[in-house]
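Residues per chain are reported as follows:
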Amino acid sequence: MTKIHAAITGVGGYVPDYILTNKELETMVDTNDEWITSRTGIKERRILKGEGLGTSYMGTEAVKELLRKTNTDPKTIDLIIFATVTPDMPFPATANLVADQVGAVNAFSYDISAACSGFIYALTTGAKFIESGTYKKVIVIGGDKMSSIINYKDRTTCIIFGDGAGAVLLEPTTEEIGIMDSLHKSDGSGANYLHMKAGGSRIPATHASIDAQQHYVYQEGSAVFKFAVTNMADISAQVMERNNLKGEDIAWLVPHQANKRIIDATANRMGITDSKVMMNIEKYGNTTAGTIPLLLWDYEKKLKKGDNLILAAFGGGFTWGAIYVKWAYN
Ligand code: UT7
């Protein structure tokens, strides 16, 4: 029987208009442009302003663009998966809200929570529904409104994160293109280093939890950094090895945008030169589940059919993974 692959057949994206620069952050916390640029590679990030606008707003805009670009009738969408840790509400799922907003009336939809690895977890999950022959059109979205859970008085986190969302369409093909392989891991003991203490069932929102500033991202940056460098590089190397890929076979590394130094270390370990590393951290910062689809969105014009891509991420959980994609269109 001919194997069905899940091909990415289009990309959409959305970033808010408001630009929070390093200069502006200098007026908010004790930091400076030189420190932020040299330690992270970030120059500016986007912030979603506007009463009542949540992550679903950005996801909806990304999907609308995706549907327009691929000339897809929303009624033909079978499934929407939204990777996010900043859902509009604990329930319903943000994917449900997006499906309603874009008119995907025949789709079922749900969210995936895997922090910065959310998009690649969701991409693998969506691909399985295509590869099994169950569905023909699956939309995978990654996006976060990180500004909703960041303490803009904490200089160790507020300089890193930004808001944004990207979306891809998955469709079946019998050509040797699409999602070729994936490998994912998680380790819940990593929760100690990166989490949000309150707002869940363990510590619901109370006056005390707000006074204690527990509704913000808590990160032990240098510990997370060490885990990220090792694990993102290891898992990418594993995926390359088991597909007999060398650095020179890779057209693009598509790495989660957390810190330029983590990205450089990963690329170095994989034998991939800088010119083949997708990078937009300087303008969007770390948009958590949004980084990888926003890279594909920014670089779409440079991609050619048959290009070998390695998508790699590491994040809260801990969660991490890598996906080998053969690009499907010019
Ligand atoms: O995407 C999800 C996963 N997250 C990550 O992958 C993030 C991984 N971690 C990182 O990217 C880095 O650890 C950070 C960018 C968060 C921090 O960079 P670092 O090089 O690890 O700095 P550090 O935490 O070791 O701090 C070094 C110094 C400290 O001062 P002292 O104790 O040496 O006097 C900090 O207080 O830099 C200070 N510092 C700052 N200085 C100016 C921390 N934040 C700032 C700041 N501006 N914004």
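Residues numbered from 1 in each chain as written. Predicted model: local features only at pLDDT ≥ 70, side-chain atom pairs only at ≥ 80, totals over all residues. Heavy atoms only, no water.

## Observations concerning the domain arrangement of the chain
One frequently used descriptor of interface size is the decrease in accessible area upon assembly of the parts.
Consideration 1: Partitioning the chain into domains gives domain 1 (5–178) and domain 2 (180–326).
Consideration 2: Inter-centroid distance (C-alpha atoms) of domain 1 to domain 2 is 14 Å.
Consideration 3: Each side of the interface is counted separately: domain 1 has 51 residues, and domain 2 has 46 residues.
Consideration 4: Note on domain 1 versus domain 2: buried area summed over both sides is about 3,800 Å², and carbon and sulfur give 63% of it.
Consideration 5: Counting across the domain 1 and domain 2 interface gives two salt bridges.
Consideration 6: Of the charged contacts in the structure, one is a salt bridge between K305 and E175, with a shortest N-O distance of 3.0 Å.
Consideration 7: Along the contact surface separating domain 1 from domain 2 lie 21 residue pairs in polar contact (both at pLDDT 80 or more).
Consideration 8: Mapped by element, the contributors of at least two residues to the side of domain 1 that touches domain 2 are strand 1 (5–14), helix 2 (33–40), strand 3 (44–47), helix 3 (55–69), helix 5 (118–131), strand 6 (138–145) and strand 7 (163–173). (Domains from an automatic or database assignment. Contact = heavy atoms within 4.5 Å. Buried area = accessible area lost by both parts, 1.4 Å probe. Salt bridge = Lys/Arg side-chain N within 4 Å of Asp/Glu carboxyl O. Polar contact = N/O pair within 3.5 Å; in protein donor to acceptor, adjacent residues only side chain to side chain. Helix = DSSP H or I, 4+ residues; strand = E, 2+ residues; numbered from the N terminus.)

## Brief notes about the nonpolar core
Consideration 1: Counting residues in each nonpolar core, the largest one holds 81 residues, and the members touching the most others are I8, L123, L170, L296 and I310.
Consideration 2: Counting residues per element, this core draws most heavily on helix 5, at seven residues.
Consideration 3: Two domains share this core, each providing at least three of its residues, namely domain 1 (5–178) and domain 2 (180–326).
Consideration 4: If you look at the next biggest cluster of nonpolar residues, it comprises 21 residues, including V98, A99, I139 and A165. (Core = buried A, V, L, I, M, F, W, Y, C linked by side-chain atoms within 4.5 Å. Buried < 20%, exposed > 50% of the residue type's maximum accessible area, 1.4 Å probe, protein only.)

## Focus on the pattern of salt bridges
Side chains that differ in charge, positive against negative, can pair when their charged atoms come close.
Consideration 1: Per the stated rule, a full pass over the model turns up 12 salt bridges.
Consideration 2: Notably, a salt bridge pairs K69 with E300, separated by 2.7 Å at the nearest N-O pair. On the criterion of sequence distance, the pair formed by K69 in helix 3 and E300 in the loop between helix 11 (291–299) and strand 12 (308–315) is long-range, its members being 231 residues apart.
Consideration 3: Overall, the relative accessible area of 42% leaves K69 in the partly exposed class.
Consideration 4: Given the relative accessible area of 16%, E300 is considered buried.
Consideration 5: We note a salt bridge from E131 to K128, for which the minimum N-O separation is 3.5 Å.

## Notes on the environment of I112
Consideration 1: Note on placement: I112 falls in strand 5 (residues 108–112).
Consideration 2: Along the primary structure I112 and T84 are separated by 28 residues, whereas in three dimensions their C-alpha atoms are 6.5 Å apart.

## Considering the sheet that holds strand 11 (residues 252–255)
Consideration 1: If you trace the four strands from one edge of the open sheet to the other, you get 8-13-12-11, paired in mixed fashion. Each having just a single partner strand, strand 8 (178–186) and strand 11 make up the two edges of the open sheet. With strand direction ignored, the average angle separating the axes of adjacent strands in the sheet is 15°.
Consideration 2: Two elements, strand 12 and strand 13 (residues 319–326), share eight bridges in a ladder whose sense is antiparallel. Residue L311 lies in a different strand from strand 13, and its bridge partner there is I323. (Pairing = 2+ DSSP bridges. Axes fitted to C-alpha atoms, helices over the stretch in contact; angles between N-to-C directions.)

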